[in-house]
Amino acid sequence: MKDILTAPFMVEMIRTATNMYAHGWDERNGGNISLLLDKDAVSAYLDTETVLRTIPTGFSAPELAGRYFLVTGTGKYFKNVQYAPEVNLGLVRIATDGEHAELLWGFADGGNFTSEFPAHMMSHVERLKVDPNNRVVMHCHPANLLAMTYVHDLDEIKFTRTLWQMCTECIVVFPDGVNVLPWMLCGTNEIGVATAEKMRTARLVVWAQHGIYGAGKDLDETFGLIETAEKAAEIYMKIAHLQLVNTITDEQMHLLEQRFGVKAREGYLN
Ligand code: 13P
Ligand code: ZN
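Residues numbered from 1 in each chain as written. Chains lettered and ligands numbered in written order. Predicted model: local features only at pLDDT ≥ 70, side-chain atom pairs only at ≥ 80, totals over all residues. Heavy atoms only, no water.

Peer 1: Explain helix H1 (residues 8-22) here, please?
Peer 2: Count 3.6 residues to each turn of an α-helix, and residues three or four apart come out pointing the same way. Here H1 spans 21 Å end to end across 15 residues, near enough to the 21 Å set by a 1.5 Å rise per residue. Immediately downstream of H1, the backbone of Gly24 shows phi near 80°, a positive value. (Helix = DSSP H or I, 4+ residues; strand = E, 2+ residues; numbered from the N terminus. Expected span 1.5 Å × (residues − 1).)

Right, dumping it as C-alpha cells:
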C-alpha cells in the first residue's frame, strides 16, 4: 500500500488549503473543502474494508452511498493542514444507508467533518446531475465578496452583472453567473438544502454576510472560479464609492461570448 500523504489528491488538497489561507479567505477555522474521489484512487492507498469510525451525518443522501470524499474537519485551521493533514483532514465513504459517513483515514484527534457537510454533500448531489465531472465543493470567506453583500443589492441578476462588469474575463469564467442566498444560519441542513438548490443553476453561490461556495471538476478550477469572482468584488469595492465613467457594455459582453464560445445565463444580458 502506498503512502496516502503522497497521493496526488492529498498533495493537491493540502496545497489548495494552504493557498486559500495565504489568500486570506480562511481565517481561523473558516472555510471547508470536499473532494469526491474515485474508489480506485483510494484503494491504492487505503484498505477500504477498514472503517475507523462511523459518523451519523444528520441528513440523507442516498445518491452518494458508496462515494468517497476527502474533506476538511470542523474547527480545523486551513493554515495547519499542511503541518498535520491527518488531524485536519478526513477521508470518508458515505454508507449504504446514505445517512452515515464511514471514516477510513484522518480526523486523528477524534475530530469530525466540517459542520457544513450538509451543504457540501447536497451540493455534490445537485452538481453531479448537471455535470457528471464535478468533483469539488469549496467554501470560504473572501473579504471583498463578503463586503459586497453589505452594500450591493442581493438580486442575483444585478449581483452577477456587477461582477461581470468588473473584469473582462468574468463572463468567460462564470457565464452561469452567481446565485445568492440571504443570510441564513450556517451549519444546518436548511442552508444545505438552499445552497444545493442554488447549485442547480450556477457553480458559485454567495452566502450574504458570510462567504461563498464554489463547485468544479477539480481543486484548481474551483479555486480559480472563486479567485475570479473575488477579484471582481475587489474592483467593485474599490470603485463603488466613486463616479462610474466607463463600464463593460452588454454589446461588449456579447463579443466576449462569441470570442470565447460561452453563453451568458439566459436573460442576464440585454
Ligand atoms: P467548520 O470549521 O465546521 O468547517 O466551519 C467553518 C465555516 O466556514 C462555517 O461556515
Ligand atoms: Zn463559513
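Peer 1: What is the right way to read the layout of surface pockets from this model?
Peer 2: Of the pockets and cavities examined, the largest pocket occupies roughly 170 Å³. Lining of the largest pocket is provided by 17 residues; of these, Asn29, Gly30, Gly31, Asn32 and Ser115 occupy positions nearest its centre. Taken together, the residues of the lining of the largest pocket break down into one nonpolar, 13 polar and three charged. (1 Å grid on protein atoms, 1.4 Å probe; cavity = no way out; pocket = protein on both sides within 12 Å on 5 of 7 lines; lining within 4 Å. Points joined across faces, edges and corners; volume = space filled by probe spheres on them. Nonpolar A, V, L, I, M, F, W, Y, C, P; charged D, E, K, R; others polar.)

Peer 1: Would you mind showing me how to read the side chain of Ser123 here?
Peer 2: For Ser123, the location among the structural elements is in helix H5 (residues 117-130). We classify Ser123 as buried; its relative accessible area is 0%. (Buried < 20%, exposed > 50% of the residue type's maximum accessible area, 1.4 Å probe, protein only.)

Peer 1: Can you walk me through the coordination of the zinc ion (ligand 2) in this structure?
Peer 2: Metal coordination angles have textbook ideals: 109.5 degrees for a tetrahedral set of four donors and 90 or 180 degrees for an octahedral set of six. Distances from the zinc ion (ligand 2) to its protein donors, namely His139 (NE2), His141 (NE2) and His210 (NE2), fall within the range 2.1 Å. The sequence pattern describing where the donors of the zinc ion (ligand 2) fall on their chain is H-x1-H-x68-H. Residue His141 is found in the loop between strand E6 (136-140) and helix H6 (143-151), and its partner His210 is found in the loop between strand E8 (204-207) and strand E9 (211-216); the two are separated by 69 residues along the sequence. The pair His141 / His210 is uniform in exposure class, with both members buried. (Donors = N, O, S within 2.8 Å, 3.2 Å for Na, K, Ca; no water.)

Peer 1: What should I look at first to understand the site of ligand 1 in this one?
Peer 2: Close to ligand 1 lie Asn29, Gly30, Gly31, Asn32, Thr74, Gly75, Thr114, Ser115, Glu116, His139, His141 and His210. In the model, an oxygen atom of ligand 1 is placed 2.7 Å from a nitrogen or oxygen of the Gly75 main chain. Here ligand 1 loses 93% of its free accessible area of 310 Å² to cover by the protein chains. When atom positions are compared with the pocket grids, ligand 1 is found to occupy the largest pocket. In terms of residue class, the shell around ligand 1 is built from no nonpolar, 11 polar and one charged. (Near = heavy atom within 4 Å. Polar contact = N/O pair within 3.5 Å; in protein donor to acceptor, adjacent residues only side chain to side chain. Areas by Shrake-Rupley, 256 points an atom, 1.4 Å probe, with all protein chains shown as cover. Sits in = over half its atoms within 2 Å of the grid points.)

Peer 1: Even after reading the chapter, I still don't get the packing of aromatic side chains, so can you show me in this structure?
Peer 2: Where two aromatic rings form a pair, the distance of their centres and the angle of their planes describe that pair. Here the structure, examined in full by the defined rule, presents six aromatic pairs. Here Trp164 and Tyr268 contribute two aromatic rings whose centre-to-centre distance is 6.0 Å and whose plane-to-plane angle is 50°, an arrangement assigned as tilted. You can see Trp164 sitting in helix H7 (residues 156-166) and its partner Tyr268 sitting in the segment after helix H11 (250-260), a full 104 residues away along the chain. Taken individually, Trp164 and Tyr268 each receive the classification buried, so the pair is uniform in this respect. Between the aromatic rings of Trp207 and Tyr213, the centroid separation amounts to 4.6 Å while the plane-to-plane angle is 40°, which identifies the pairing as tilted. (Phe/Tyr/Trp six-rings, centres within 6.5 Å; stacked < 30°, edge-to-face > 60°.)

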